Amino acid sequence: MTINPLKLLDRDGLDAHLRAGGAALLPTDTLPALAALPEQAAQIWRLKKRPQDKPLILMGADVDALLCHICPEARADASALAQRHWPGALTLVLPAFGPCAEALNPGVATLGLRIPACEPMLDLLRCSGPLATTSANVSGEPASRTEREAAVAFPDLPLLAPIPWPSPSCQASSVIAWRGSQRWHWLRRGAVMPAGVVSLPECSG
């Protein structure tokens, strides 16, 4: 597939598109992402044909810009892991509050956060601020692995230029949830394996 060059936007053009309320296709270090501003996140579930009880991830380029949405009691533990593993393929699920948490995980007071190790994505995030993200595939279909596969899944959405994007790992991020002071539980094992995380039945699935 040849990508329509009119669908390719540089950082500033894509930032303007997102600020105007649009969604876009972006590279990350793990898999291509479907993204929008947090306040425009509702369109992501519609585009993916995905149930709204499946939360989105907030990606950013700055630890403080992510942790400001998190309940104060969890910030020290989150900051310690962030300093060791971000940018990288580790998603932290933390108790959260405010409109951003409600937009990305409606009715559930938690929020998944990550800083990706992908320089084109980080360059965009420094301009746009944190974005609501998910994998760039229609729900139930295989995850897109390249910009071309993402464009096939969502042919009407713009992509971050230039292409080709940096090669992703094609391995999902690890996901761990905070359950109290220095207590982390596995939700999904993936590319990063931080020490001291346990698995309990309540965290399965």
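Above this note sits the structure.
Residues numbered from 1 in each chain as written. Predicted model: local features only at pLDDT ≥ 70, side-chain atom pairs only at ≥ 80, totals over all residues. Heavy atoms only, no water.

Asker: Which parts of the structure should I look at to understand the overall build of the protein chain?
Answerer: The number of helices and strands found in the protein chain is 7 helices and 11 strands. Computed over the C-alpha atoms, the radius of gyration of the protein chain is 16 Å, within 12% of the 17 Å expected from 2.2 N^0.38 for a compact globule of 205 residues. When its C-alpha atoms are laid out on the principal axes, the protein chain stretches across 50 × 30 × 30 Å. In the structure as shown, the protein chain presents an accessible area of about 9,400 Å², 55% of it carried by carbon and sulfur atoms. (Helix = DSSP H or I, 4+ residues; strand = E, 2+ residues; numbered from the N terminus. Rg over C-alpha atoms; globule rule 2.2 N^0.38 Å. Areas by Shrake-Rupley, 256 points an atom, 1.4 Å probe, with all protein chains shown as cover.)

Asker: Is there a simple way to think about the nonpolar core in this case?
Answerer: Side chains that are nonpolar tend, in soluble globular proteins, to be buried together. Among the nonpolar cores identified, the biggest contains 58 residues, and L25, L26, W86, L92, L94, L113 and W184 are the most heavily contacted of them. Setting aside residues up to four positions removed in sequence, L92 forms contacts with A78, L81, W86, L111, G112, L113, I176 and W184. (Core = buried A, V, L, I, M, F, W, Y, C linked by side-chain atoms within 4.5 Å. Buried < 20%, exposed > 50% of the residue type's maximum accessible area, 1.4 Å probe, protein only. Contact = heavy atoms within 4.5 Å.)

Asker: I would appreciate a short explanation of the pairing of strand β5 (residues 90-95) in the present structure.
Answerer: Regular strands place side chains that alternate from one sheet face to the opposite one. Burial analysis of β5 places 6 of its 6 residues in the buried class, the great majority of the element. The pairing of β5 with strand β9 (residues 174-180) spans 4 bridges and is parallel. Following the sheet pairing, T91 is matched in β9 by V175. Pairing of β5 with strand β6 (residues 110-114), which is carried by 4 bridges, proceeds in the antiparallel orientation. (Pairing = 2+ DSSP bridges.)

Asker: It is not clear to me how the pairing of strand β3 (residues 33-36) should be interpreted in this structure. Could you clarify?
Answerer: Residues A33 and A35 line one face of β3 and the alternating positions L34 and A36 line the opposite face, and both faces are buried. As paired strands, strand β2 (residues 24-26) and β3 are joined by 3 bridges and run antiparallel to one another. Paired with L25 across the two strands is L34, which belongs to β3. Count of turn residues in the β2/β3 antiparallel hairpin: 6 residues. Inspection of the sheet shows β3 paired to strand β7 (residues 131-135) by 4 bridges, in the antiparallel sense. Along β7, the bridge assignment pairs L34 with T134.

Asker: Where do I start with the layout of surface pockets in this structure?
Answerer: Space left empty within the atom packing is revealed by a probe, the size of a water molecule, rolled over the atoms. Reported here for the largest pocket is a volume of approximately 880 Å³. Residue lining of the largest pocket: 36 residues in total, with R50, P55, I57, V175 and R188 positioned closest to the centre. Of all elements in the fold, only β4 (57-59), β5, β6, β7 and β10 (183-188) reach the threshold of two or more residues within the lining of the largest pocket. When residues of the lining of the largest pocket are assigned to their parent elements, the largest contribution, 4 residues, is made by β6. Class assignment of the residues belonging to the lining of the largest pocket gives a composition of 16 nonpolar, 14 polar and 6 charged. Lining the second largest pocket are D77, A80, L81, R84, Q182, W184, A195, G196 and V197. Top contributing element to the lining of the second largest pocket by residue count: helix α4 (residues 72-85), with 4 residues. Residues of the lining of the second largest pocket, tallied by class, amount to 5 nonpolar, 2 polar and 2 charged. (1 Å grid on protein atoms, 1.4 Å probe; cavity = no way out; pocket = protein on both sides within 12 Å on 5 of 7 lines; lining within 4 Å. Points joined across faces, edges and corners; volume = space filled by probe spheres on them. Nonpolar A, V, L, I, M, F, W, Y, C, P; charged D, E, K, R; others polar.)

Function-wise, these values are silent; they only describe arrangement.
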